[in-house]
Amino acid sequence: MRTVPIQLLETVFSALRKNPEEFIQEMRIAAAVKWDELGDISQAKAGEIAGLTRAEFINALSRYQVDFMQYTAQELAQELANAD
């Protein structure tokens, strides 16, 4: 595993009322949720980035009010066409 240092001002931790470790964990989750929402990464990879299982990541999506099922119009049409 590679460690990447992140420098943050002491004052940022109070924004979420979290200690530095909790704040960094929340940043990882928030980034993974957004990248998943944009379709940049899979849910499995997002969970890995967030340090969560896929099930835990899906729960995090709910907490961030992001739908865990994301389809483009074309993907949805294909799913519906294959439903029978």
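Going by the structure above, here's the rest.
Reference entry: report on the structure contained in this document. (Residues numbered from 1 in each chain as written. Predicted model: local features only at pLDDT ≥ 70, side-chain atom pairs only at ≥ 80, totals over all residues. Heavy atoms only, no water.)

### Quick look at unusual backbone geometry
Then step 1. Residue Arg 17 is not a glycine yet carries a positive backbone phi of 55°.
Then step 2. Tracing the sequence through the fold places Arg 17 in the segment before α1 (20–37).
Then step 3. Of the residues examined, Arg 17 reaches a relative accessible area of 78% and is grouped as exposed.
Then step 4. Here the phi dihedral of Gln 65 falls at roughly 60°; this positive angle occurs in a residue that is not glycine.
Then step 5. In this fold, Gln 65 is placed in the loop between α3 (54–63) and α4 (73–81). (Helix = DSSP H or I, 4+ residues; strand = E, 2+ residues; numbered from the N terminus. Buried < 20%, exposed > 50% of the residue type's maximum accessible area, 1.4 Å probe, protein only.)

### A word on the pattern of salt bridges
Two side chains of opposite charge can pair, provided their charged atoms sit close to one another.
Then step 1. Summed over the entire model, instances satisfying the criterion amount to three salt bridges.
Then step 2. With its nearest N and O atoms 3.2 Å apart, the salt bridge here joins Lys 34 to Glu 37. You can see Lys 34 and its partner Glu 37 sitting in helix α1, three residues apart, about one turn around the helix.
Then step 3. By relative accessible area, Lys 34 is classed as partly exposed at 42%. (Salt bridge = Lys/Arg side-chain N within 4 Å of Asp/Glu carboxyl O.)

### With respect to the packing of α1 against α3
Then step 1. In the contact formed by α1 and α3, the axes pass within 10 Å of each other and the chain directions differ by 85°. Taken together, the axes of α1 and α3 lie roughly perpendicular to each other. Each of Glu 26, Ile 29, Ala 32, Val 33 and Asp 36 in α1 lies in contact with α3, whose residues at this interface are Phe 57, Ala 60, Leu 61 and Arg 63.
Then step 2. Its residues assigned to classes, the contact of α1 with α3 shows six nonpolar, no polar and three charged. (Axes fitted to C-alpha atoms, helices over the stretch in contact; angles between N-to-C directions. Parallel < 35°, antiparallel > 145°, perpendicular 65-115°, else oblique. Contact = heavy atoms within 4.5 Å. Nonpolar A, V, L, I, M, F, W, Y, C, P; charged D, E, K, R; others polar.)

### Observations concerning α1
Then step 1. Compared with the 26 Å implied by 1.5 Å per residue over 18 residues, the 26 Å span of α1 between its first and last C-alpha is a close match.
Then step 2. Those residues of α1 lying buried are Phe 23, Glu 26, Ile 29, Ala 32, Val 33 and Asp 36.
Then step 3. Elements in contact with the buried residues of α1: α2 (43–50) and α3.
Then step 4. Capping the start of α1, Asn 19 holds a side-chain oxygen 3.0 Å from the backbone nitrogen of Glu 21, two or three residues further along.
Then step 5. Phi for Gly 39, located one or two positions after α1, is positive at around 80°. (Expected span 1.5 Å × (residues − 1). Polar contact = N/O pair within 3.5 Å; in protein donor to acceptor, adjacent residues only side chain to side chain.)

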